[in-house]
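Architecture at a glance
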Amino acid sequence: MTAEQTKNIPLKVEFTYAPLTELGSHDIILKLSEEQLTFNSGGLELLFSDQRKHNVSLPRNDLAGEPSNVGFLVTWLCENLMKDPRKEMFVLDDSVRPGILVLINDADWELEGEENYELQAGDEVVFVSTLHGG
Amino acid sequence: MDMFTTTDTHLTFLRTQIASTESQLRTLKAQLAQAELSAQTARQLHEAYQGGFPAEWIEETLGALDDSSERDIARKLRQDGGFEGAPTPAPAAVAVPVLDAGGAKARAGRWPLADEEYKRYGRQMIMPEIGLHGQLRLKNAKVLVVGLGGLGCPAAAYLAGAGVGTLGLMDGDTVEVSNLHRQIAHKVRTVGGMKVDSAVEFLQAYVKLQTFASSSPSDLVCSLNPNVKYAPYRSHLSPDKAVAIFERYDLVLDCTDHPTSRYLISDACVLAGKPLVSASALKTEGQLLVLNNPPRAPGDASSGPCYRCIFPKPPPADAIQSCGEGGILGPVVGVMGVLQALEAIRLLTAKPPAPPPMTDWMDLSMDSTPPVTPEVKPTMLMFSAYNTPQFRSVRLRSRRTDCAACSYQATVTQHSLTTGSTDYIAFCGSTTPLDPLPPESRISARDFARLPTDGSNILIDVRDETQYSICALRGSTNIPWNGNAEAWVQDAVKRGVMSGYEDGRERFVVCRLGNDSQLVVRAVREWLGSAVRVREIEGGFRAWREGVDRSWPKY
């Protein structure tokens, strides 16, 4: 295993409904790969893509050295993925905003400990925007 | 402190006792319901067999017949069967002539369903999942469909088709042409009429044929299922009436399109003790939830979650998109409505769980172990038409112990609904109203049309590319607005529409309805300052159609 592999947790992150698009009418989806992360440049082109599923590589520990949990993933996504200034479309009052359901491996994150769930390699995290139309 | 500890202990003790007693009461009620169901089914089956197949059932069947108008047949059966008058060798043998002697009239009372119903429902009745029992349960069931749009139309159609006994239909809206691509019960002729009336006409030959001018008696044969009893409610659901209406039904379907109604329907289902099948759809996606199932008393953790357990707080009003704004594909919402009907049929025809052993329910002492109820595994089904896989079922949490509607601490009560102290509109909030731009930043569609078209002005169309390709004004530049001011301005600069603004040329911004264009003008002011001459066309292309070009497509 390379040093990089031991440091990072590979994850699948999916936005069933792009959190950034709800004011607009485009499906804007986040796409991220390791190179883009380390490249750390660009802006909107990183955010605007037509894929909804992303393989991300999250640091194994958060800034305090604790094992990375979902709460850290949310902050990390905000800081590393979203160049859109409207963070409130994704995070409100320090948590994922109402109307977005967080699923960890096809289960409501409330069954898994919410923000405190410690992420494992290969975990799949889905951010589902609730629908109201009919 | 000690006093508080004692009080807390006492409270906990009382809560436990109440829960335990309620649990026992529920067990008894479940047993009563089970016994009633068995009795009813047995009665119906015995009626079905009054022709005399199993000898031991004749007695009970005769009892039932005595109450009916068919006393003569009863007597005949009795005599033939050896219960009255001359003895007869075998009950099975005697019954046959009676079948024939009874004729059509006797036959009508002999079977639990009418002749036409066997033909109509036969294809579903021959499956073990439904059977005669399931069909009878459907026939006895009362289902309320709230909302007769893209979800409610197919849901109601399949429930009516399946033979649900009573179908409540509620909607306060009228039919529009833009509904027809997905709301399959409505048609061109019913545009402008109440959706409820349109749906009843589609499902049943409508009793008031004059509702729609061109209705004719031939509609009687066009209807889907006249056997069903339809109960129309020509208004939107109101909090003060919700619980009283829901109490008349066995099951509720939420086919509405807004968070306010979704929270209200869920709350009323909890208060009325009814299971809820809830679905929603937008664009190419749908979601399906079965909530408050089984419906148990508030605080009982063995019941399924309610809408508030899953979504305790509504999303910000600005984040909510309607089908009119976001778009909707007919079959997508259709799939979700059909799935609602399917879940409803599954719930209504489900075989009740076996009653717990006698010792359990006879023992009413407080320390008896409560009967084991099967674990509830709530799920949400997600449908995404353009992704693989299209369907995904995810596990949801169970009831929330601090839920505002279904916990011990519930603050939503029948009283709070009736008095209006549970305010759904305030709870869900309203969209932030646009702070209108000053008049010098706006221009009416008519005035814009009078401007010279010699290229001295720049027209920026901020609708998305899909809408732009439906219809656009020649010479306009399409720079879609997606809510991100900085990104839009960067894009506009890159596309050249902001360069050289010192040349005196003016920029005009247009969108579909005149909201986004105001946000764009504000974004330009914020990022490029007031040197740029920019105005927005008031009311967007809707105003353009009304004031300038009547042929402009109205989508």
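Fair warning: this is a prediction, and the values are worked out from it, not measured in the lab.

Let's talk about the overall build of chain A
For chain A, the count of helices and strands is 4 helices and 7 strands. For chain A, the sequential pattern of α-helices and β-strands runs α-β-α-α-β-α-β-β-β-β-β. The buried share of chain A, reckoned over its 134 residues, is 51%. Nonlocal contacts in chain A, meaning residues at least 24 apart in sequence, comprise 61% of its contacts between residues at least 6 apart. With the model as given, the accessible surface of chain A reaches about 6000 Å², and the carbon-plus-sulfur share is 49%.

Some thoughts on the overall build of chain B
A tally of helices and strands in chain B yields 22 helices and 13 strands. As displayed, chain B offers around 27500 Å² of accessible surface, 57% of which is attributable to carbon and sulfur atoms.

Points about the state of the cysteines
Residues and elements named next belong to chain B. Counted according to the given criterion, the structure contains 0 disulfides over all chains. Distance from the sulfur of C269, which forms no disulfide, to the nearest cysteine sulfur (C306) is 9.9 Å. Using a relative accessible area of 0% as the deciding quantity, one classes C269 as buried. Of all cysteine sulfurs in the structure, the one in C306 sits closest to C403, which takes part in no disulfide; the separation is 3.6 Å.

Quick notes on the interface of chain B and chain A
The interface of chain B with chain A comprises 50 residues on the first partner and 41 residues on the second. Carbon and sulfur atoms supply 53% of the area buried between chain B and chain A, which totals about 3600 Å² over both sides. Sorting the residues of chain B by area buried against chain A places R392, R395 and N482 of chain B first, and these three jointly supply 17% of that buried surface. Taken together, the connections running from chain B to chain A amount to 6 salt bridges. Inspection of the region where chain B meets chain A yields 12 residue pairs in polar contact (both at pLDDT 80 or more). For the side of chain B that touches chain A, the elements supplying multiple residues, two or more each, are α11 (259-272), β5 (276-282), β6 (285-291), α12 (307-310), β7 (379-384), β8 (391-395) and α20 (485-494) of chain B. Sorting elements by how many residues they give to the side of chain B that touches chain A places β8 of chain B first, with 4 residues.

Details of the packing of helix α6 (residues 131-140) of chain B against helix α14 (residues 330-349) of chain B
All names here are of chain B. Two numbers describe how α6 lies on α14: the axes approach to 9 Å, and their chain directions differ by 110 degrees. Here α6 lies roughly perpendicular to α14, going by the angle between them. On α14, the residues touching G134, R137 and L138 of α6 are I345, L348 and T349. Its residues assigned to classes, the contact of α6 with α14 shows 3 nonpolar, 2 polar and 1 charged.

Re helix α8 (residues 195-203) of chain B
Residues and elements named next belong to chain B. The buried count for α8 comes to 8 of 9 residues, which makes it a mostly enclosed element. For α8, every residue scored as buried is listed here: K195, V196, D197, S198, A199, V200, E201 and L203. Those residues of α8 that are buried lie in contact with α7 (152-162), β2 (166-170) and β3 (229-233).

Here we look at the side chain of S407 of chain B
Structurally, S407 of chain B is set in the loop between β8 and α16 (414-419). A polar atom in the side chain of S407 of chain B sits 3.0 Å from the backbone nitrogen of Q409 of chain B.

Digging into the sheet that holds strand β13 (residues 534-537) of chain B
Residue and element names in this part refer to chain B. With parallel pairing, 5 strands are arranged side by side in an open sheet as β9-β13-β12-β10-β11. The sheet is open, and its two edges are formed by β9 (442-443) and β11 (477-478), each paired on a single side. Relative to β11, strand β10 (residues 457-461) runs parallel, the two being bridged by 2 bridges. Across the sheet, D461 pairs through a bridge with N478, a residue of β11. Of the strands in this sheet, β9, β12 (506-510) and β13 touch helix α21 (residues 516-528), which is tilted by about 170 degrees from β13.

Some words on the UniProt feature "binding site: ATP" (unreviewed entry) in chain B
Residues given the UniProt feature "binding site: ATP" (unreviewed entry) here are G150, D171, S178, N179, L180, H181, R182, K195, D257 and H258 of chain B. Tracing the chain through its elements places R182 of chain B in the loop between β2 and α8. When its relative accessible area of 12% is taken as the criterion, R182 of chain B is described as buried. Reaching out from R182 of chain B, the side chain makes a polar contact with the backbone oxygen of S178 of chain B at a distance of 3.2 Å. For D257 of chain B, the position within the fold is in the loop between β4 (251-254) and α11. For D257 of chain B, a relative accessible area of 47% corresponds to the partly exposed category. For D257 of chain B, the residues in contact, after removing those within four places along its chain, are H132, G133 and G134 of chain A together with R262 of chain B.

Observations concerning the pairing of β7 of chain B
Residues and elements named next belong to chain B. Where β6 lies against β7, 5 bridges are found, and the strand directions are antiparallel. By the bridge assignment for β7, E285 is matched with S384. Taken together, the 5 bridges between β7 and β8 define a ladder with antiparallel strand orientation. Residue M380 lies in a different strand from β8, and its bridge partner there is V394. The hairpin formed by β7 and β8 contains 6 residues between the paired strands.

Conventions adopted
- Residues numbered from 1 in each chain as written.
- Chains lettered and ligands numbered in written order.
- Predicted model: local features only at pLDDT ≥ 70, side-chain atom pairs only at ≥ 80, totals over all residues.
- Heavy atoms only, no water.
- Helix = DSSP H or I, 4+ residues; strand = E, 2+ residues; numbered from the N terminus.
- Buried < 20%, exposed > 50% of the residue type's maximum accessible area, 1.4 Å probe, protein only.
- Contact = heavy atoms within 4.5 Å.
- Areas by Shrake-Rupley, 256 points an atom, 1.4 Å probe, with all protein chains shown as cover.
- Disulfide = S-S within 2.5 Å.
- Buried area = accessible area lost by both parts, 1.4 Å probe.
- Salt bridge = Lys/Arg side-chain N within 4 Å of Asp/Glu carboxyl O.
- Polar contact = N/O pair within 3.5 Å; in protein donor to acceptor, adjacent residues only side chain to side chain.
- Axes fitted to C-alpha atoms, helices over the stretch in contact; angles between N-to-C directions.
- Parallel < 35°, antiparallel > 145°, perpendicular 65-115°, else oblique.
- Nonpolar A, V, L, I, M, F, W, Y, C, P; charged D, E, K, R; others polar.
- Pairing = 2+ DSSP bridges.
- UniProt positions renumbered as here; feature names shortened; annotations may be inferred.

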